[in-house]
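A structural walkthrough
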Amino acid sequence: MSFKKVSVIGLGYIGLPTAAVLASRGMQVIGVDINQTAVDTINAGKIHIVEPDLDIVVRSVVSTGNLKATTIPEAAEVFMIAVPTPFYASDDGSHKPNLSYIEAAATAIAPVLEKGNIVILESTSPVGTTEKLAAWLAAARPDLSFPQQKGDSADIKVAHCPERVLPGYVLQELVSNDRVIGGMSNACSERAVELYKTFVRGDCIITNARTAEMAKLTENSFRDVNIAFANELSVICDKLKINVWELVKLANRHPRVNILNPGPGVGGHCIAVDPWFIVDSCPEEANIIRQARLTNDAKPYYVIDQIIKAADQFKRPVIACLGLAFKADIDDLRESPALQIVKELAVLNIGKILAVEPNVQVIPESLIQAGVEQVILESALDVANVIVVLVDHKEFKAADRTQLAAKVVIDTRGIV
């Protein structure tokens, strides 16, 4: 095996499964994270996130010694960076990418880099970020050469390979999905392919770093535009008294039509974020992409208006919000429109707000402070007079429909 020791920087929803899969292939993997609790949890053979079967793999590779977590980077042959790329906080609605986590990762690994290493950026990134990463590393290690200086003959290889997995299916898709690999030189790309071929059954397609960065942003922007179309349709159908779920099914019977389902908005760390990276790079040109983001960002407020109207029918409204995660059967609350809706409802003080989220043991402190009560599904169906389906968790799909007959139901997922 050409790779014996790999370091994964960032042990979140992508980094930890990637580290576990690599370790399961017999490599020694050093997982690095600034969160001491996450490090301690992993070293105990446990996991700090919800992902099917991941706990079994982590327990196995920790017990064999192939996976070790730490807060301080060590020397390795490969450094895979899988840290967040959020936005800077702003009051003006701008969405400026915050690359400080990637820069911090570069600063952390720079002292332990050695000639022959490859650094792979997996974090979803604005176009040009891989080049910035290489520049940060070169500034920190002037004794080493990098692809922007020496091309194929550089001491350190640098490439971008964006993750493209679906939460809930990460372990399967890490192995089965095709990978787009963009090196800063041909030698960088070829070395990265060698690594991914150790665990990827899908094709590894080589391109340059900028195209690889744009490929991931394009995939999620395409889906965002499609969802925006569906969300806009759902609002139109409400006004015209048409069942949007039936409409979408009928339209999709056309052989060249594939409309995604509407929902309460768009969440997660990809689709709700990545299109803004394109808009930030080309604000004058990215008009449809920007409008799709605005349409999807407006959908939670449309749902809130529906809930307010429903609550007005009752003297003492009790509103049960089913789901807080951004998609079904996971615990991930990042950029979740469901969570946003519940937060807004709590501030509006229109009635008692109940939250049902079977995948989260304790709801966010901000909701508790706002008076939101976490309950199980059975309790919510007993006491609520308004039921709002925000996430299509399997528990909600299996619920007894007769219990909903006497309720006002707002179903943003089409499961009732």
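The sections below set out a description of the structure shown in this document. (Residues numbered from 1 in each chain as written. Predicted model: local features only at pLDDT ≥ 70, side-chain atom pairs only at ≥ 80, totals over all residues. Heavy atoms only, no water.)

1. So, the nonpolar core
- Among the nonpolar cores identified, the biggest contains 41 residues, and Leu22, Leu67, Leu195 and Tyr196 are the most heavily contacted of them.
- With 29 residues, the next largest nonpolar core counts Ala325, Leu333, Leu367 and Val391 among its residues. (Core = buried A, V, L, I, M, F, W, Y, C linked by side-chain atoms within 4.5 Å. Buried < 20%, exposed > 50% of the residue type's maximum accessible area, 1.4 Å probe, protein only.)

2. Concerning the side chain of aspartate 155
- Structurally, aspartate 155 can be placed in the loop between helix 6 (147-150) and strand 6 (157-160).
- In this structure aspartate 155 comes out as buried when scored by relative accessible area, which is 14%.
- Excluding residues that lie within four positions of it along the chain, aspartate 155 makes contacts with Lys115, Gly116, Asn117, Asp143, Leu144 and Ser145. (Helix = DSSP H or I, 4+ residues; strand = E, 2+ residues; numbered from the N terminus. Contact = heavy atoms within 4.5 Å.)

3. A few points about the sheet that holds strand 10 (residues 352-356)
- Across the sheet, 5 strands lie side by side as 11-10-9-12-13; this open sheet has parallel pairing. The strands lining the two open edges of the sheet, one partner per strand, are strand 11 (373-374) and strand 13 (408-411).
- Sheet analysis places strand 12 (residues 386-389) next to strand 13, joined by 4 bridges and oriented parallel. Residue valine 386 lies in a different strand from strand 13, and its bridge partner there is valine 408.
- Running over the sheet, helix 12 (residues 287-311) touches strand 9 (318-322), strand 12 and strand 13 and is turned about 175° from strand 13. (Pairing = 2+ DSSP bridges. Axes fitted to C-alpha atoms, helices over the stretch in contact; angles between N-to-C directions.)

4. Describing helix 13 (residues 337-348)
- Helix length check: helix 13 (12 residues) gives 16 Å between terminal C-alpha atoms against 16 Å at 1.5 Å per residue, within 8%.
- Turning to helix 13, its buried residues are Pro337, Ala338, Leu339, Ile341, Val342, Leu345 and Ala346.
- Next to the buried residues of helix 13 lie helix 12, strand 9, strand 10 and helix 14 (365-369).
- With a side-chain oxygen positioned 3.3 Å from the backbone nitrogen of alanine 338, the residue opening helix 13 is serine 336. (Expected span 1.5 Å × (residues − 1). Polar contact = N/O pair within 3.5 Å; in protein donor to acceptor, adjacent residues only side chain to side chain.)

5. Things to note about the packing of aromatic side chains
- Per the stated rule, a full pass over the model turns up 2 aromatic pairs.
- Aromatic side chains phenylalanine 87 and phenylalanine 277 sit 6.0 Å apart centroid to centroid with 80° between the ring planes, which places their arrangement in the edge-to-face category. With a gap of 190 residues between them, phenylalanine 87 in the loop between strand 4 (78-81) and helix 4 (100-109) and phenylalanine 277 in helix 11 (residues 274-281) connect regions that are remote in the sequence.
- The exposure class of phenylalanine 277 is buried, given its relative accessible area of 0%.
- Ring plane angle 50° and centroid distance 5.7 Å describe the contact between tyrosine 196 and phenylalanine 199, whose orientation is recorded as tilted.
- What makes phenylalanine 199 buried here is its relative accessible area of 2%. (Phe/Tyr/Trp six-rings, centres within 6.5 Å; stacked < 30°, edge-to-face > 60°.)

6. Some words on a nonpolar patch on the surface
- Taken together, the side chains of Ile236, Leu240, Ile242 and Leu247 define a hydrophobic patch exposed on the protein surface, amounting to about 330 Å² of accessible area.
- In this structure, isoleucine 236 sits in helix 9 (residues 209-240). (Patch = residues over 30% accessible without salt bridge, like charges linked within 9 Å, V, L, I, M, F, W, Y side chains within 5 Å. Areas by Shrake-Rupley, 256 points an atom, 1.4 Å probe, with all protein chains shown as cover. Salt bridge = Lys/Arg side-chain N within 4 Å of Asp/Glu carboxyl O.)

7. Looking at the pairing of strand 4
- What you see with strand 4 is no split at all: Val78 and Met80 on one side and Phe79 and Ile81 on the other are buried throughout.
- Relative to strand 4, strand 1 (residues 5-9) is paired through 4 bridges, and the arrangement is parallel. Across the sheet, serine 7 pairs through a bridge with phenylalanine 79, a residue of strand 4.
- As a crossover connection, the stretch from strand 4 through helix 4 into strand 5 (residues 118-121) is right-handed. (Right-handed = clockwise from strand over helix to strand, strands pointing away.)

8. Regarding the environment of proline 364
- Inspection of the secondary structure puts proline 364 in the loop between strand 10 and helix 14.
- Put simply, proline 364 and glutamine 374 are 10 residues apart on the chain and 9.9 Å apart in space, counted from C-alpha to C-alpha.
- Other than its neighbours up to four places away in sequence, proline 364 contacts Leu324, Leu333 and Leu339.

9. Things to note about the sheet that holds strand 2 (residues 28-32)
- Overall, mixed pairing links the 8 strands, which are arranged 3-2-1-4-5-6-7-8 in an open sheet. Edge strands, defined here as strands with exactly one partner in the open sheet, are strand 3 (67-70) and strand 8 (204-208). Across the sheet, the axes of successive neighbouring strands diverge by a mean angle of 25°, strand direction being ignored.
- In this sheet, strand 5 lies alongside strand 4 in parallel orientation, the contact comprising 4 bridges. Looking at the pairing, valine 78 lines up with isoleucine 118 of strand 5.

10. Observations regarding helix 2 (residues 36-43)
- Within helix 2 the residues assigned to the buried category are Ala38, Val39 and Ile42. When helix 2 is viewed along its axis, its buried side chains cluster within an angular range of 100° and face the same direction.
- Lining the buried residues of helix 2 we find helix 1 (15-24), helix 3 (54-63) and strand 3.
- Where helix 2 begins, the side chain of asparagine 35 points an oxygen toward the backbone nitrogen of threonine 37, at a separation of 2.9 Å.
- After helix 2 finishes, the residue glycine 45 shows a positive phi value of roughly 80°. (Arc of directions from axis to C-beta.)

11. Some remarks on the pairing of strand 8
- Relative to strand 8, strand 7 (residues 179-183) is paired through 5 bridges, and the arrangement is parallel. Bridge pairing in strand 8 places glycine 182 opposite threonine 207.
- Chirality of the crossover, the property in question, places the unit of strand 7, helix 8 (residues 186-196) and strand 8 among those that are right-handed.

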